[in-house]
Amino acid sequence: MPAPGETSDVASLEMVLMGMGNPLLDIAAVVDEDFLDRYGVKLNNAILAEEKHIPMYKELAELPGVKFIAGGATQNAIRVAQWMLQVPGATSYMGCIGKDEFGQEMIKACAADGVNVHYMEDEEHPTGTCAVLVSGGERSLIANLSAANCYKSKHLLEPENWFVAEKAKFYYIAGFFLTVSPETVIILAKHALEKKKTFMMNLAAPFICEFFTKPLLEALFYCDYIFGNETEASTFARVQGWETEDLEEIAVKMSQLPLAEGKKERVVVITHGGEPTLVAHGGKVTLHPVKPIAKSDIIDTNGAGDSFVGGFLSQLVQGKGIEDCIKAANHAANVVIQHSSCTYPPKPSFVDC
Ligand SMILES: Nc1ncnc2c1ncn2[C@@H]1O[C@H](COP(=O)(O)OP(=O)(O)OP(=O)(O)O)[C@@H](O)[C@H]1O
Ligand SMILES: *[C@@H]1O[C@H](CO)[C@@H](O)[C@H](O)[C@H]1NC(C)=O
Ligand SMILES: *[C@@H]1O[C@H](CO)[C@@H](O)[C@H](O)[C@H]1NC(C)=O
């Protein structure tokens, strides 16, 4: 039962949450140390593909047990939010795919989940791929953006797409999209500011904090919520020249970065694997414990961060408080970690009360 003042109105959730990002087809397989060494890949990292990685995709696609799954950080988070909400069409997603079979697969996967997708389609490049190398319950991501790299703001501004943007009340964009179209990010951020809607981003990866600092800071200026994990937060702090390695202090400092006039306050949420999640706002930090998972139950942590955000957003868009958002976030991450890549059972078992 919704508490007084809370909404149970399903119609009000129509297209409430919108995400933008790099739609990628994940090519996931378990690999051995030799494979990692040959391609010079470190576990637990997320990078963009280079010349030396070109032959890796073919080799990966031929490994036994390889899986092809719709991926991309923001798309994962939006799909998980949609799954938690179970209200068809509550979420929307935009990004650029190619005119190919992989692109069509992705459209089908999102439609099956109930996400309202509005992809731009690029004529010249294939749908982007992301190699997901799984080893000992850990993973490494190597993305070849291809078509995803071709997203242009003119797509967002087309009337049928802008309609979706205007209808949304919450926006989420993982930092990875800053390598593609920072201009689009700012258009949406300014719209959110003007209409007093909620704008949210994720630090996404250490390389975003390190090499895309300028567009990142420009976008964070508009953020009501910033998500990230411990590694990203400490990289961010180092690049900013903050002389501290204390995660709580970093989270507070991040919440106090300049904020666009008209916004109330910024909330920073930092995940820390199996350690408690940090939430900073109003100059203070609260710690939120995570439900332990036995090592033997961890299939792979790929998608843990994305699904955490998806769970969080599923409650935020219903007007729930931080405590409820974190509970749902940890629940979603807990489920996804016990499945391969960012996948989950047909129905969520989360009971919000
Ligand atoms: N070892 C663990 N035990 C229990 N829960 C975990 C564990 N690792 C991650 N989680 C859950 O997943 C959430 C996000 O984890 P983490 O901080 O590892 O994200 P991440 O590093 O961004 O993940 P990703 O691998 O997707 O990049 C945690 O807050 C927690 O809910
Ligand atoms: C990325 O994909 C494109 C298109 O398939 C391909 O031409 C290119 O070689 C790939 N790059 C890497 C580094 O894998
Ligand atoms: C945080 O995510 C990044 C990828 O963005 C990864 O390299 C790093 O290992 C993660 N940190 C933890 C503690 O899981």
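Calculation rules
- Residues numbered from 1 in each chain as written.
- Chains lettered and ligands numbered in written order.
- Predicted model: local features only at pLDDT ≥ 70, side-chain atom pairs only at ≥ 80, totals over all residues.
- Heavy atoms only, no water.
- Near = heavy atom within 4 Å.
- Polar contact = N/O pair within 3.5 Å; in protein donor to acceptor, adjacent residues only side chain to side chain.
- Areas by Shrake-Rupley, 256 points an atom, 1.4 Å probe, with all protein chains shown as cover.
- Nonpolar A, V, L, I, M, F, W, Y, C, P; charged D, E, K, R; others polar.
- Pairing = 2+ DSSP bridges.
- Helix = DSSP H or I, 4+ residues; strand = E, 2+ residues; numbered from the N terminus.
- Axes fitted to C-alpha atoms, helices over the stretch in contact; angles between N-to-C directions.
- Contact = heavy atoms within 4.5 Å.
- Core = buried A, V, L, I, M, F, W, Y, C linked by side-chain atoms within 4.5 Å.
- Buried < 20%, exposed > 50% of the residue type's maximum accessible area, 1.4 Å probe, protein only.
- UniProt positions renumbered as here; feature names shortened; annotations may be inferred.
- Salt bridge = Lys/Arg side-chain N within 4 Å of Asp/Glu carboxyl O.
- Phe/Tyr/Trp six-rings, centres within 6.5 Å; stacked < 30°, edge-to-face > 60°.

J.: Can you lay out the site of ligand 3 for me, pointing to particular residues and giving the numbers?
T.: If you check the shell around ligand 3, you find N44, N45, A204, A205, P206, N229, E230, T231 and E232 and nothing else. Residue N229 places a side-chain N or O atom 2.3 Å away from an oxygen atom belonging to ligand 3. For ligand 3, the accessible surface in isolation is 360 Å², of which the surrounding protein chains cover 78%. Looking at the shell around ligand 3 residue by residue, the classes come out as three nonpolar, four polar and two charged.

J.: Please give an account of the sheet that holds strand β2 (residues 24-30) that cites residues and values.
T.: The five strands lie next to each other as β3-β10-β9-β2-β4, forming an open sheet whose pairing is mixed. What marks the edges here is a single partner per strand, and that holds for β3 (46-48) and β4 (67-71). Averaged over neighbouring strand pairs, the angle between their axes works out to 25° when direction is ignored. Where strand β9 (residues 128-135) meets strand β10 (residues 138-144), seven bridges bridge the pair, whose relative direction is antiparallel. Paired with A131 across the two strands is I142, which belongs to β10. Sheet strands in contact with helix α2 (residues 54-61) are β2, β4, β9 and β10, and its direction is about 65° off that of β9.

J.: Outline the nonpolar core, listing residues and values.
T.: Counting residues in each nonpolar core, the largest one holds 102 residues, and the members touching the most others are M18, L188, F199 and M254. Counting 13 residues, the second largest nonpolar core, distinct from the first, contains V31, F35, V41 and L60.

J.: Describe in detail the UniProt feature "active site" (unreviewed entry) in the protein chain, supporting the description with residues and values.
T.: Mapped onto the present numbering, the UniProt feature "active site" (unreviewed entry) falls at D306. Checked against the element boundaries, D306 lands in helix α12 (residues 304-316). Overall, D306 belongs to the buried group, its relative accessible area being 16%. When neighbours within four sequence positions are excluded, D306 is seen to be in contact with A73, N76 and A77.

J.: An account of the site of ligand 2 is needed here, citing residue identities and associated values.
T.: Looking at ligand 2, the residues that line it are A49, E50, I54, Y57, P126, N144 and S146. Contact between ligand 2 and N144: an oxygen atom at 2.4 Å from a side-chain N or O atom of the residue. One of the side-chain nitrogen or oxygen atoms of S146 is found 3.3 Å away from an oxygen atom of ligand 2. Expressed as a share of its isolated accessible area of 370 Å², the protein-covered part of ligand 2 is 57%. Of the residues in the shell around ligand 2, the class split is four nonpolar, two polar and one charged.

J.: Can you tell me about the pattern of salt bridges, naming the residues and giving the values?
T.: Applying the stated rule across the entire model yields 10 salt bridges. Residue K58 pairs with E62 through a salt bridge whose shortest N-O separation is 3.2 Å. Exposure remark for E62: the relative accessible area of 57% places this residue in the exposed category. R238 serves as the salt-bridge partner of E210, at 3.6 Å between the closest nitrogen and oxygen. Pair noted here: E210 is in helix α8 (residues 206-211) and R238 is in helix α10 (residues 230-240), with a separation of 28 residues, a long-range link. Judged by its relative accessible area of 52%, R238 is exposed.

J.: I'd like a description of the environment of F212, backed by residues and values.
T.: Assignment of secondary structure puts F212 in the loop between α8 and α9 (213-220). Given the relative accessible area of 22%, F212 is considered partly exposed. Discounting chain neighbours no more than four positions away, the residues touching F212 are L178, T179 and F207.

J.: Describe the sheet that holds strand β1 (residues 17-20), listing the residues and the values that go with them.
T.: Pairing is mixed in the open sheet, where nine strands are placed in the order β7-β5-β1-β11-β12-β13-β14-β15-β16. Edge strands, defined here as strands with exactly one partner in the open sheet, are β7 (116-117) and β16 (284-288). By the bridge criterion, two bridges tie strand β5 (residues 91-94) to β7 in an arrangement that is parallel. Looking across to β7, one finds that S92 is bridged to N116.

J.: Now, about the packing of aromatic side chains: what can you tell me, with residues and values included?
T.: The tally for this structure, following the rule as stated, stands at 12 aromatic pairs. Centroid distance F207 to F212: 6.2 Å. Interplanar angle 75°. Geometry classified as edge-to-face. Taking 5.9 Å as the distance between ring centres and 70° as the angle between the ring planes, the aromatic pair formed by Y225 and F312 counts as edge-to-face. Of this pair, Y225 sits in strand β13 (residues 225-229) while F312 sits in helix α12, placing them 87 residues apart in sequence. Across the pair, exposure class does not vary: Y225 and F312 are buried alike. Three or more aromatic residues link up through ring pairs in this structure, and these residues are Y172, Y225, F227 and F312.

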